Protein chains: 2
Amino acid sequence: MKDTSVISRSVISRLPRYYRFLGELMKQGVNRISSKDLAGMMGLTASQIRQDLNCFGGFGQQGYGYNVPALRDRLAEILGLDKTYTAVLIGAGNLGRAVAGHMSFDDRGFRLIGIFDVDPLYKGIKIRGLPILQDSMLPEFCAASAPDMAVLCVPSEAAPAVVEQLIGCGIRNFWNFSHYDIKRDHPDVNVENVHLNDSLMMLSYTIKNRQDEAK
Amino acid sequence: MKDTSVISRSVISRLPRYYRFLGELMKQGVNRISSKDLAGMMGLTASQIRQDLNCFGGFGQQGYGYNVPALRDRLAEILGLDKTYTAVLIGAGNLGRAVAGHMSFDDRGFRLIGIFDVDPLYKGIKIRGLPILQDSMLPEFCAASAPDMAVLCVPSEAAPAVVEQLIGCGIRNFWNFSHYDIKRDHPDVNVENVHLNDSLMMLSYTIKNRQDEAK
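In this text the structure is predicted, and so the values were computed from the model without any measurement.

The rules we used
- Residues numbered from 1 in each chain as written.
- Chains lettered and ligands numbered in written order.
- Predicted model: local features only at pLDDT ≥ 70, side-chain atom pairs only at ≥ 80, totals over all residues.
- Heavy atoms only, no water.
- Helix = DSSP H or I, 4+ residues; strand = E, 2+ residues; numbered from the N terminus.
- Buried < 20%, exposed > 50% of the residue type's maximum accessible area, 1.4 Å probe, protein only.
- Contact = heavy atoms within 4.5 Å.
- Areas by Shrake-Rupley, 256 points an atom, 1.4 Å probe, with all protein chains shown as cover.
- Buried area = accessible area lost by both parts, 1.4 Å probe.
- Salt bridge = Lys/Arg side-chain N within 4 Å of Asp/Glu carboxyl O.
- Axes fitted to C-alpha atoms, helices over the stretch in contact; angles between N-to-C directions.
- Parallel < 35°, antiparallel > 145°, perpendicular 65-115°, else oblique.
- Nonpolar A, V, L, I, M, F, W, Y, C, P; charged D, E, K, R; others polar.
- Polar contact = N/O pair within 3.5 Å; in protein donor to acceptor, adjacent residues only side chain to side chain.
- Least-squares fit on C-alpha atoms with pLDDT ≥ 70 in both.
- Core = buried A, V, L, I, M, F, W, Y, C linked by side-chain atoms within 4.5 Å.
- pLDDT = per-residue confidence, 0-100.
- Pairing = 2+ DSSP bridges.
- Arc of directions from axis to C-beta.

Asker: How should I be thinking about the overall build of chain A in this particular structure?
Answerer: The secondary structure content of chain A amounts to ten helices and ten strands. The buried share among the 215 residues of chain A stands at 53%. Of all intrachain contacts in chain A linking residues separated by at least 6 positions in sequence, the fraction that spans at least 24 positions is 59%. When the accessible surface of chain A is totalled, it reaches about 10,000 Å², and 49% of it is carbon and sulfur.

Asker: Got a minute to help me understand the interface of chain A and chain B in this structure?
Answerer: Accessible area lost on assembly of the parts is the figure often given for the size of an interface. With 58 residues of chain A at the contact, the number on the chain B side is 58 residues. Across the interface of chain A and chain B, roughly 5,700 Å² is buried in total on both sides, 62% from carbon and sulfur atoms. Contact with chain B buries area across many residues of chain A, yet Met201, Met202 and Tyr205 of chain A alone supply 12% of it, more than any other trio. Here chain A and chain B share two salt bridges between them. Notably, a salt bridge pairs arginine 20 of chain A with aspartate 198 of chain B, separated by 2.8 Å at the nearest N-O pair.

Asker: Just to check I follow, could you spell out unusual backbone geometry for this structure?
Answerer: Leaving glycine aside, a negative phi is the common case for residues, and trans is the common case for peptide bonds. At arginine 128 of chain B, a position not held by glycine, the phi torsion is positive, near 45°. Within the element layout of this structure, arginine 128 of chain B appears in the loop between strand 6 (126-127) and strand 7 (130-134).

Asker: Can you help me understand the environment of aspartate 73 of chain B in this one?
Answerer: All names here are of chain B. Turning to its location among the elements, aspartate 73 is positioned in helix 4 (residues 68-78). A residue is classified by how much of its surface remains accessible, and aspartate 73, at 45% relative accessible area, is partly exposed. Residues aspartate 73 and glycine 29 lie 44 residues apart in sequence; the distance between their C-alpha atoms is 16 Å.

Asker: What exactly am I supposed to notice about the packing of helix 2 (residues 15-27) of chain A against helix 3 (residues 35-42) of chain A here?
Answerer: Packed helix pairs are specified by the crossing angle of their axes together with the interaxial distance, meaning the distance between the axes. Residue and element names in this part refer to chain A. At a closest axis distance of 11 Å, the pairing of helix 2 and helix 3 adopts a crossing angle of 105°. Accordingly, the angle class assigned to the pair helix 2 and helix 3 is roughly perpendicular. On helix 3, the residues touching Arg17, Tyr18, Phe21 and Leu25 of helix 2 are Leu38, Met41 and Met42. In terms of residue class, the contact of helix 2 with helix 3 is made up of six nonpolar, no polar and one charged.

Asker: Please clarify how the side chain of serine 178 of chain B should be interpreted in this entry.
Answerer: All names here are of chain B. Its location among the elements puts serine 178 in the loop between strand 9 (173-176) and helix 8 (182-185). The class of serine 178 is buried, set by a relative accessible area of 2%. Looking at serine 178, its side chain comes within polar contact range of the side chain of asparagine 176, at 2.8 Å. Engagement of the side chain of serine 178 in a polar contact is seen with the backbone nitrogen of tyrosine 180, the distance being 3.1 Å.

Asker: So what exactly am I meant to see when it comes to the relation of the copies chain A and chain B here?
Answerer: Put simply, the second copy of the chain is the first one after a rotation about an axis and a shift along it. Once chain A is rotated about the relating axis by 180° and shifted along it by 0.0 Å, it coincides with chain B to within an RMSD of 0.0 Å. This pairing of chains is accounted for by a two-fold axis. Among all C-alpha atoms of chain A, that of asparagine 94 of chain A lies closest to the rotation axis, at 2.7 Å. In this assembly, 100% of the residues forming the interface of chain A have copies in chain B that are likewise at the interface, indicating an isologous arrangement.

Asker: Could you clarify how one ought to interpret the nonpolar core in this entry?
Answerer: Taken as a class, soluble globular proteins show a tendency for nonpolar side chains to be buried jointly. Of all hydrophobic cores here, the largest spans 50 residues; its most connected members are Met103, Met149 and Trp175 of chain A together with Met103, Met149, Val151 and Trp175 of chain B. Those residues within four positions of tryptophan 175 of chain A in sequence are excluded, and the remaining contacts are Val99, Met103, Met149, Ala150, Val151, Leu152, Glu192 and Val194 of chain A together with Leu196, Ser199, Leu200 and Leu203 of chain B. If you look at the next biggest cluster of nonpolar residues, it comprises 31 residues, including Tyr19, Met41, Leu44 and Leu71 of chain A.

Asker: Is there a simple way to explain the confidence of the model for chain A in this structure?
Answerer: As a note on interpretation, predicted positions should not be read in detail where pLDDT is low. The predicted model of chain A averages 87 in pLDDT, with 90% of residues at 70 or higher. Interface confidence for the predicted complex, given as ipTM, is 0.87, next to a pTM of 0.85.

Asker: Looking at this structure, how should I read the pairing of strand 7 of chain B?
Answerer: Looking along a regular strand, one sees the side chains alternate between the two faces of the sheet. Residue and element names in this part refer to chain B. As judged from the two bridges shared by strand 6 and strand 7, these two strands associate in the antiparallel manner. Looking across to strand 7, one finds that lysine 126 is bridged to proline 131. Hairpin remark: strand 6 followed by strand 7, antiparallel, with two residues in the connecting loop; positive phi at arginine 128, about 45°.

Asker: Is there a simple way to think about helix 7 (residues 159-168) of chain B in this case?
Answerer: It helps to recall that an α-helix has 3.6 residues per turn; residues three or four apart then point in one direction. Residues and elements named next belong to chain B. Taken residue by residue, helix 7 has Ala159, Val162, Val163, Leu166 and Ile167 as its buried positions. The arc that holds every buried residue of helix 7, seen down its axis, measures 135°, which confines them to one face. Facing away from the buried surface of helix 7 by more than 90 degrees, the exposed residues are Ala161, Glu164 and Gly168. Turning to helix 7, the residues buried within the fold contact strand 3 (84-90), helix 6 (138-145), strand 8 (149-152), strand 9 and helix 8. Directly after helix 7, the chain includes glycine 170, whose backbone phi takes a positive value near 95°.

This is the structure in structure tokens:
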């Protein structure tokens, strides 16, 4: 079993997908699965699955396959889903509200503890039981609660100042939905970007190339 | 220049990012850039950039660098952003409303022509000028307007039936925000998935590993 700190990002980036498929299997009451069958489900090769999962120790047994709940628990542990991280969300528009609804899975992972917006119109409104607070209250809130991460759902123009403020409040981890490139200005912080436009452009590419093929 | 149909998915998947960074440069009034400087901005190596962009023809000139607007226009063409595709969006909750606000870039790409929801409570409400229509009107709407793709913002439980209906209406391209694995049941359709949970799990992993390092 390799030291998890040296495992490549491309292997790591496939783990959530394994975790998701194993969850599906558990829902269907499947307790063990061969690498071949798992590969078929996931559109991968059995050998790639064995290689990926071998990075984290020997889960599978020859002729038996993988123990689904055990493998899923181990992946949860590797992904840090056995911990609970606290999060603040900045930007309570449609995107922020949608994202607030996606902050937990199976009661694991992240717990939203504060929602902030610059717009005073939101005062008094609650999302998932949390009142929307004014941006100006962030420093005090962070000093008291020390959240582990921030979710950034503000427009790109507003993002640099908000990130600056959050870093000043001690936050080092960001889930970034804005187009602002946090890493360029703050190379030391930890950022996971969700670029909806990039995904839409990929779709545009595949539509175009399917149509070209069909000509 | 390679036939674009044989270029690997990993190269293609980097193109939206190039397109985004080149747009930033144009906003800053930068008209040409060396592969070295572009690499520095994007956290890549100059050689990777040259390799990627060579797949699509010789954009750069030795000692001159890349012509930013020309390269960006060419990427737009490759990505199909010079076409306009029409889209229907299914599911008008917070996520659907947020996504509706992300459907166009620089007036290129996609045009939302219909929004549908199963909930009769939404009747009469408009999003970005479009009335929310009842799901039952989908077949008639698609027969009249033949949308190029559907955006799926419905809960996972509802997704299989909605996808079945949309495929019956002639739709073959999906931007999928639900957790439903469309490809497994419909291998012939074109799907771009946005898995917010996967992204959040990656963040969980990196937070955990940074904390482990700091111990």
